[in-house]
Amino acid sequence: MAAPHHHSRRVTAAPGLSSPASLQPDEEGPFPSRSADAAPSRRYVLCEVVSEDPRCRQCIEDRAVGLAVRDAIGKVHGDYGLACCSISFTVKYLNAYTGTVLLRCRKDSYRLLCSALPFVRQLESRNLRYPCFLNTLHVGGTIRTCQKFLIQYNRRQLLMLLQNCTNEEERQCIQKSLLSCSLTEEQSQSGDEEDDDGTETD
């Protein structure tokens, strides 16, 4: 008995439509694809806490600053903006004496973060609230570029801070804090440094 003969049929794409074989590997849909192994690009926002109340220094801590920034993002950009900015967002460095704060976020959401910072109006800690605002100093693609900027900025600020000291102990603490501050302390441990692509603002 002869085996049944199977007829092969060639499938052709309808006019105006591309067949699957014609799609190129590097073509992207509406959402850019990212390799699973590729680390997301980050931005580092260097800013300072400015307040007329010297007691505000006791509120300058990671948790208080982080909560204040997230609250401002939520008010300005809503839940969607907050969700976008919350990915990889963290307070990387903080100096209570100088009010210097380094924030980290993803590259694709740093504009949302920066636009919300002017809406930080207070810091809250231990049920105490002190009015303040965040002044953005520099935005860089690496911690190293922020460190370079901070060194020069601290030199300009040192004289002014020392003039406002009330005693010798506070004077020595500020000098030590300014001269020893380094944003790159965590870098060697966390591997959080990446190549800068030139995004910097003063």
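Placed above this text is the structure.
On a predicted model such as this, the values are computed, not experimentally measured, just so you know. (Residues numbered from 1 in each chain as written. Predicted model: local features only at pLDDT ≥ 70, side-chain atom pairs only at ≥ 80, totals over all residues. Heavy atoms only, no water.)

Novice: Go over the nonpolar core, please, and point to the residues and values.
Specialist: Ranked by size, the top nonpolar core spans 27 residues in total, and within it Val 49, Val 69, Leu 103, Leu 113 and Leu 123 carry the most contacts. Elements supplying a minimum of two residues to this core: β1 (42-50), α1 (62-86), β3 (100-106), α2 (110-116) and β6 (133-140). In terms of residues, this core owes the most to one element, α1, which gives 6 residues. Excluding residues within four positions of it along the chain, Val 69 makes contact with Phe 89, Leu 103, Leu 113, Leu 117, Val 120 and Leu 134. Formed by 10 residues, the second largest nonpolar core is a distinct cluster that contains Leu 46, Tyr 93, Leu 102 and Leu 137. (Core = buried A, V, L, I, M, F, W, Y, C linked by side-chain atoms within 4.5 Å. Buried < 20%, exposed > 50% of the residue type's maximum accessible area, 1.4 Å probe, protein only. Helix = DSSP H or I, 4+ residues; strand = E, 2+ residues; numbered from the N terminus. Contact = heavy atoms within 4.5 Å.)

Novice: Talk me through the environment of Tyr 97; I want residue IDs and the actual numbers.
Specialist: Assignment of secondary structure puts Tyr 97 in the loop between β2 (90-95) and β3. On the basis of relative accessible area, Tyr 97 is assigned to the partly exposed category, the value being 36%. Through-space distance from the C-alpha of Tyr 97 to that of Gln 58 is 9.5 Å; in sequence the pair is 39 residues apart.

Novice: Quick rundown of the pairing of β1? Include the residues and the values.
Specialist: Residues in a regular strand project their side chains so that they alternate between the two faces of the sheet. By the criterion of burial, β1 is predominantly enclosed, with 8 of the 9 residues buried. One ladder, built from 7 bridges, connects β1 with β3; its direction is antiparallel. Pairing of Tyr 44 across the sheet is with Arg 104, part of β3. Bridge analysis of β1 against β6 gives 7 bridges, and the strand direction is antiparallel. Within β6, the position partnered with Tyr 44 by the bridge is Gly 140. (Pairing = 2+ DSSP bridges.)

Novice: Outline the sheet that holds β6, supporting the account with residue identities and numerical values.
Specialist: Strand order in the open sheet made by the 4 strands is β2-β3-β1-β6, with antiparallel pairing throughout. The sheet is open, and its two borders are formed by β2 and β6, each paired with just one other strand. Here the average twist between neighbouring strands, direction ignored, is 25°. Where β2 and β3 come together, 5 bridges link them in antiparallel fashion. Residue pairing in the sheet places Leu 94 in a bridge with Val 101 of β3. With respect to the sheet, α1 is in contact with β2, β3 and β6, its orientation differing from that of β2 by roughly 130°. (Axes fitted to C-alpha atoms, helices over the stretch in contact; angles between N-to-C directions.)

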